[in-house]
Amino acid sequence: MLQHLRRQLRDRPPAVLIDGRWQPCASGKTLPVDDPATGEPIAAIAAGDGADIDLAVVAARRAFREGPWPRMPAWQRAALLQALADAIEARRETFALLESLDAGHCIASVRDGDLPLGLRALRDCAGWATKLSGEVPMRPATQPGMDYFLREPIGVAGLITPWNAPFLMVLQKLAAALATGCTAVVKPAELAPLSALLIGDLCRQVGIPDGVVNIVTGAGASAGQALADHAGVDIISFTGSTAVGKSIMAASARGNLKRVVLELGGKSPVVVFADADLDRAARAIVGEITFKCGQYCAAGSRVFVQRSAYEALLQGMLAAMDGLRIGPGYEEGSQVGPMISAAQRRRAEDIIGHSVAAGARLLRGGHARPGSGYFFEPAILVDAAADMRVSQEEIFAPALTVTPFDDDASPAAVAALANDSRYGLSAKLWARDIGTVHALVGLLESGQVIVNGGGGSATLPFGGVKQSGYGRENGRIGLEHFTEVKAVRLGY
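The structure contained in this document is the topic of the report that follows. Because the structure is a prediction, the values reported are computed rather than measured.

Conventions and cut-offs
- Residues numbered from 1 in each chain as written.
- Predicted model: local features only at pLDDT ≥ 70, side-chain atom pairs only at ≥ 80, totals over all residues.
- Heavy atoms only, no water.
- Helix = DSSP H or I, 4+ residues; strand = E, 2+ residues; numbered from the N terminus.
- Expected span 1.5 Å × (residues − 1).
- Bend = angle between axes of the 7 residues up to and from the residue.
- Pairing = 2+ DSSP bridges.
- Buried < 20%, exposed > 50% of the residue type's maximum accessible area, 1.4 Å probe, protein only.
- Lys, Arg positive; Asp, Glu negative; His and termini not counted.
- Salt bridge = Lys/Arg side-chain N within 4 Å of Asp/Glu carboxyl O.
- Contact = heavy atoms within 4.5 Å.
- Phe/Tyr/Trp six-rings, centres within 6.5 Å; stacked < 30°, edge-to-face > 60°.
- Lys NZ or Arg CZ within 6 Å of the ring centre and 35° of its normal.

Digging into helix α5 (residues 107-128)
Part 1 of the reasoning: End to end, α5 covers 30 Å across 22 residues, agreeing with the expected 32 Å (1.5 Å per residue, within 8%).
Part 2 of the reasoning: At L115, α5 shows its largest bend, some 25°, and a proline, P116, comes one to four positions later.

Laid out in C-alpha cells, this is it:
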C-alpha cells in the first residue's frame, strides 16, 4: 500500500482547489514535499501566492453571499459533515499512512490519536450545527414588543494550519467553520500539506457546494500572509508559532480588524508529587515528549518533581526512554518517528548544546541520529537553570528538563516554578491528594490542566493564555468564534 500511495502522490498534478475546481496556481511554480524519514521528495505541490488567495477568497465570499451553504437548514449542513466523516473513515488507513509519510508521525499514534480525534471533532461539530441558537430574554408580559438576538455565521474563514498535526488541525478548524455556515479558505503548512488535499477531494465527492471549501497550498510568507492580510476574510484561525501569531494580529489591526483565533506555542510544565503513581507518570511523560517526536505544542517539556520522588521518577523516565524504537513512522512498531526537517533538528541541537555549555547536564540523547532522514535521539536534561534556553524556548523536539522542588514547598511556590514561562497552553499534574490537585489547578497559568494522565479531547475547549494565544477550539465555544451576534429590539 505504501508504494501505491507513493505513486499516487508522484502522479498527482500540483493544484489548488478554488470554487470547486482543482487548477494550477497562478505562477505555475511548485514546492517539493519531503519524506522526513529519508529526506527524499515524495510529491510536488502548487506554490500558491497572493493571486491564488485572492481568487479563493472571492470564491468563498461569493459562496457565502449567493450560495446555498449559509442558507440551507442546519440539519442539511450537519448531514453533509457526517457524510464527510463517513468518507474519511472509509479511508482511515490511507489517511494514517499519508500522515506518517508526509509528517513523519508513527502510524500507530495516527490510528489511535489524530484520526479518531479528527473524526470526533467533525461529528461533534455536525451535532452542534443544529443546536447553535439565539436567545429571547425574559420580559414582562405587559411590556409590548420583544428583545432577542440572532447568532449568524461570521462569513469567510481563513484557516492556517501547522505541519505537526496536519490532518487533525485542518479537520478541526474546517468542521467548526462549516458547521456554523461559514465558507473557508484553507492554507495548509507547506511541509505537510497532503492530507488537506485528500480532504478537499472528499469535500467535493460528498456534495459540499462549490466555493465553500477552497484550499491553497504555498509558503507561509506568501500564501499565508496574503490570507491574513486579505480584506475579504472575516476571521483567521491559526495554529503555529507565537511569532507568526503576532504578525497575524498585526495584519488584522492594519486591515479590516478581522477576528483572530490563535493557538500558539507552549512550554508545558509537568508537576509530579511523591504520592503519585511514579511508574505510570514516568511512562506518560516520556510517551508525551516523544509523541510526534516532541513536535507537539502541549507536550510537557519542563518536569518539576518533589525531591523525595526525584530519583525514582528520573530512573523511570530513563528506563522508559531506553525501550523506545526509533524509525520511519510508516513502519509498524516504530515509537519515535523523524522530525519534520533538517532545519528543525538543527535548531533543537543548538538549543540543547547552548544549555549544556551553560551548565545543564545531558543524561540521554540530544543529538541527530546518523544516516538518512531527520531522526533525533530523545533527550533528558537536569541541572537546567530557569533562564536557560532549554527551559524557556519551545524546542519542538523530544527533549525535556527534570528539576526537583522541596518536599515542603507550598502550592504557590510550586506554581511559581511551573508558571515561569511566557507560555500558558497546557499543564500536567500528577498527585493523588485531592487537596493538592485543587490547589494547583487554581494556581497554574494555563488554558488546560491534565491531572494524572489522559489523552486529547475533541469536545473540551482547547487554547492558551499569555503568549500561547487566545480563543478556544473544540465544542460549542470553539464554534461560537465563527459566529456574530445580532441583537434585535422589536416594538409593537
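Moving on from the coordinates now.
Concerning the pairing of strand β4 (residues 41-46)
Part 1 of the reasoning: Bridge analysis of strand β3 (residues 30-34) against β4 gives five bridges, and the strand direction is antiparallel. Pairing of D34 across the sheet is with P41, part of β4.
Part 2 of the reasoning: If you look at the hairpin formed by β3 and β4, you'll find six residues sitting between the two strands, and G39 has a positive phi there, around 80°.

Observations concerning the side chain of E263
Part 1 of the reasoning: With respect to the secondary-structure elements, E263 resides in strand β10 (residues 259-263).
Part 2 of the reasoning: Notably, E263 is buried but unbridged: the nearest opposite-charge side chain belongs to K173, and the N-O separation is 6.3 Å.
Part 3 of the reasoning: The residues contacting E263, other than those within four sequence positions of it, are F238, T239, G240, C297, L425, F462, S468 and E473.

Comments concerning the packing of aromatic side chains
Part 1 of the reasoning: Per the counting criterion, the structure on display carries four aromatic pairs.
Part 2 of the reasoning: Where F95 meets F167, the ring centres are 5.2 Å apart and the plane angle is 55°; that geometry is what we call tilted. Taken together, the residues F95 in helix α4 (residues 92-103) and F167 in helix α6 (residues 166-179) connect sequence positions 72 residues apart.
Part 3 of the reasoning: Note on F95: relative accessible area 2%, which makes it buried.
Part 4 of the reasoning: Residues W163 and F396 carry aromatic rings whose centres are separated by 5.5 Å and whose planes lie at 85° to one another, so their mutual orientation is edge-to-face. Here W163 is found in the loop between β6 (156-160) and α6, whereas its partner F396 is found in the loop between α13 (389-392) and β15 (399-405), with 233 residues between them in sequence. You'll find W163 and F396 in the same group, each marked buried.
Part 5 of the reasoning: Lying over the aromatic face of Y330, R6 brings its terminal NZ or CZ to 5.5 Å of the ring centre.
Part 6 of the reasoning: Cation over ring: R12 sits above W22, and NZ or CZ is 4.8 Å from the ring centre.

Topic: the pattern of salt bridges
Part 1 of the reasoning: Under the counting rule described, the total for this entry stands at 29 salt bridges.
Part 2 of the reasoning: Note that R123 and E89 form a salt bridge whose closest N and O atoms lie 2.9 Å from each other. With a gap of 34 residues between them, R123 in helix α5 and E89 in helix α3 (residues 74-89) connect regions that are remote in the sequence.
Part 3 of the reasoning: The class for R123 is partly exposed, based on a relative accessible area of 27%.
Part 4 of the reasoning: Among the ionic pairs, R325 bridges to E331, the shortest N-O distance being 4.0 Å.
Part 5 of the reasoning: With a relative accessible area of 36%, E331 lands in the partly exposed category.
Part 6 of the reasoning: Sharing partners across several salt bridges, the network here consists of D86, E89, R92 and R123.

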